[in-house]
Amino acid sequence: MRTIWCALAARRARRELAIIGALVVGLTRPAGAADPLRLADAIDLALRDNPAIAGAAQRADALRARPAQVSAYDDPTLSWEAWDIPESLRIDAAENNIFRLTQKLPFPGKRSKAGEAAAHEADAAGADTDAVRLAVRAAVTRAYADLWLAGERARVLERDRVLFDRMTRTAESQYAIGQTAQADVLRGQVELTHSIIAQRTARLAIEAARAELNALLSRTAEAPLGEPEAPSVRHIETPLAALTERALAARPELAGQRAMIDREHSGAELAKLGWWPDFEVSVGRFINYGRNDGFGAMASVTLPFVQADKYRAAEGEAKARVAGAEAALRSLQDGVRREVAQAYLAANTAALEYELARTTHVPHAEQAVRVTEAAYASGAVEFAALLDALRTVQETHLQHAEAAAAYLRAVADLERAVGGPLDAATGGQS
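About the criteria used
Residues numbered from 1 in each chain as written. Predicted model: local features only at pLDDT ≥ 70, side-chain atom pairs only at ≥ 80, totals over all residues. Heavy atoms only, no water. Core = buried A, V, L, I, M, F, W, Y, C linked by side-chain atoms within 4.5 Å. Buried < 20%, exposed > 50% of the residue type's maximum accessible area, 1.4 Å probe, protein only. Contact = heavy atoms within 4.5 Å. Pairing = 2+ DSSP bridges. Helix = DSSP H or I, 4+ residues; strand = E, 2+ residues; numbered from the N terminus. Axes fitted to C-alpha atoms, helices over the stretch in contact; angles between N-to-C directions. Parallel < 35°, antiparallel > 145°, perpendicular 65-115°, else oblique. Left-handed = near helix turned anticlockwise from the far one by under 90°. Nonpolar A, V, L, I, M, F, W, Y, C, P; charged D, E, K, R; others polar. Salt bridge = Lys/Arg side-chain N within 4 Å of Asp/Glu carboxyl O. Arc of directions from axis to C-beta.

Student: Run through the nonpolar core, naming residues and quoting values.
Tutor: In terms of nonpolar packing, the biggest core is built from 52 residues, with Val-140, Leu-213, Ile-236, Leu-243, Val-340, Tyr-407 and Leu-414 touching the most fellow members. Apart from the residues within four sequence positions on either side, Val-140 is in contact with Ala-42, Ile-43, Ala-46, Leu-213 and Leu-216. Listed in part, the 10 residues of the second largest apolar core include Met-167, Tyr-376, Leu-387 and Ala-389.

Student: Provide a residue-level description of the pairing of strand 3 (residues 96–105), including the pertinent values.
Tutor: Of the strand pairs in this sheet, strand 2 (residues 77–83) and strand 3 are connected by 7 bridges, and their pairing is antiparallel. By the bridge assignment, Leu-78 is partnered in strand 3 with Leu-101.

Student: Any chance you could break down the packing of helix 7 (residues 240–250) against helix 9 (residues 308–377) for me, citing the residues and the numbers?
Tutor: Interaxial distance between helix 7 and helix 9 falls to 10 Å at its minimum, and their mutual angle equals 140°. When the axes of helix 7 and helix 9 are compared, the pair comes out oblique. When the axes of helix 7 and helix 9 are compared, the crossing they make is right-handed. Contacts between helix 7 and helix 9 involve Leu-240, Leu-243, Thr-244, Ala-247 and Leu-248 from the first element and Gln-333, Val-336, Arg-337, Val-340, Ala-341 and Tyr-344 from the second. Residue classes in the contact of helix 7 with helix 9 are distributed as 8 nonpolar, 2 polar and 1 charged.

Student: Describe the pattern of salt bridges, with residues and values.
Tutor: On inspection of all chains with the given rule, the structure shows 28 salt bridges. Between Glu-317 and Arg-321 there is a salt bridge, and its shortest N-O distance comes to 3.2 Å. Within this pair, Glu-317 and its partner Arg-321 are both found in helix 9, separated by 4 residues, close to a single helical turn. Judged by its relative accessible area of 43%, Glu-317 falls in the partly exposed class. Among the charged side chains, a network of salt bridges with common partners joins Arg-251, Glu-253, Glu-339 and Arg-416.

Student: Could you give me a rundown of helix 7, with the residues and numbers involved?
Tutor: Of all the residues in helix 7, the buried ones are Leu-243, Thr-244 and Ala-247. Down the axis of helix 7, the buried set is contained in an arc of 100°. They therefore lie on one face. Seen from the open side of helix 7, the exposed residues pointing more than 90 degrees away from its buried face are Ala-241, Glu-245 and Ala-249. On its buried face, helix 7 sits against helix 8 (252–273), helix 9 and helix 10 (383–418).

Student: Describe the environment of Ile-197, and please don't skip the residues or the numbers.
Tutor: Within the secondary structure, Ile-197 sits in helix 6 (residues 182–216). Judged by its relative accessible area of 46%, Ile-197 is partly exposed. In sequence terms Ile-197 and Leu-157 are 40 residues apart; their C-alpha atoms lie 9.8 Å from each other.

Student: I'd love a proper account of the sheet that holds strand 6 (residues 294–301), names of residues and values included.
Tutor: In sheet architecture, strand pairing relies on hydrogen bonds along the backbone and comes in two forms, parallel and antiparallel. Strand order in the open sheet formed by 4 strands is 2-3-5-6, and the pairing between neighbours is antiparallel. Strand pairing shows two members of the sheet lacking a second neighbour, strand 2 and strand 6, which therefore form its edges. The sheet shows a mean angle of 20° between the axes of neighbouring strands, direction not considered.

See below:
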């Protein structure tokens, strides 16, 4: 009787766990049949709606308005002067009423050179906008990979929960006929409970990944998203040297830094022009009380040589800025080479791990479960061996999914590193 009672209790506990597991599975699945979420569609939405891109574009537009401002002359000045006004304060009886128009004239080339420097800075800001687009694209791809992996992990855990449930049934059957100890039944129930808890954790990971992707799409965290498609994993065939060459030509950060070098060169030329004088001219109309009216004119010139140290310092500063900008470009180029190499190797490593898992590890682990389960049912192996086989197949399935997600993240980093999407010829995502 004790054996029968224990068996019935075990079955009742297993049924309760199965009900809880079914509830968890329901939570990890969408309420309705959602349309698939394509990576290309998610990227298009982000490029359209992400505020970081809009902000960068507006900053670039603002800087594009500066050349016309800094290259223009100062506003002319219209002034009025009254000399020797009588004590009666009659302005019309003042000895002179002078209306004067004054214009400052910088040395030829100074304003145009300043406009040229501002134009280069605007070009750099435009390149920054392109860099933000690339960064957003990469971030969306990585978030997409995380969302797919979280969903795939939940599906793997659900499949393995079924296996643990079946394992527990087998242990109960063996216990009912006295071929195994009650401890095996309890251990099976513990493993089933762990699997259900892991599914609940997987649900939280799905929600976190969905919130991250929605944030990049400038949507609320709970906004609905379709089911991500599985990554297409392929070895990247394009040689590393070719990808590096493309990156050095296409990366917007490098283009922006080259524009900054051009700006500093314009600044250096402007510093040289600082030695040349600026001018100021004015013409005036004299309205004289009791005498004939007349005209006046005035011209003035600055004397830069008086403050020679100031202009020598300005030239030294400008040369240092040029050298610093050129050094920054070399540093960026070194960083680009490193980023391309690291992402390239990471993508191909993940592709290799994925292929090994697909063709070898997963089939072998699944076969081991089948063989071990049959052996346990016949009493040929211990319950611990069946547990090990089930844990191994779960770990192998998860490693398979993680390799696919790691590949997609590495491709995102590689596309970011080379300055744009990989085409089909590379073996990467298009």
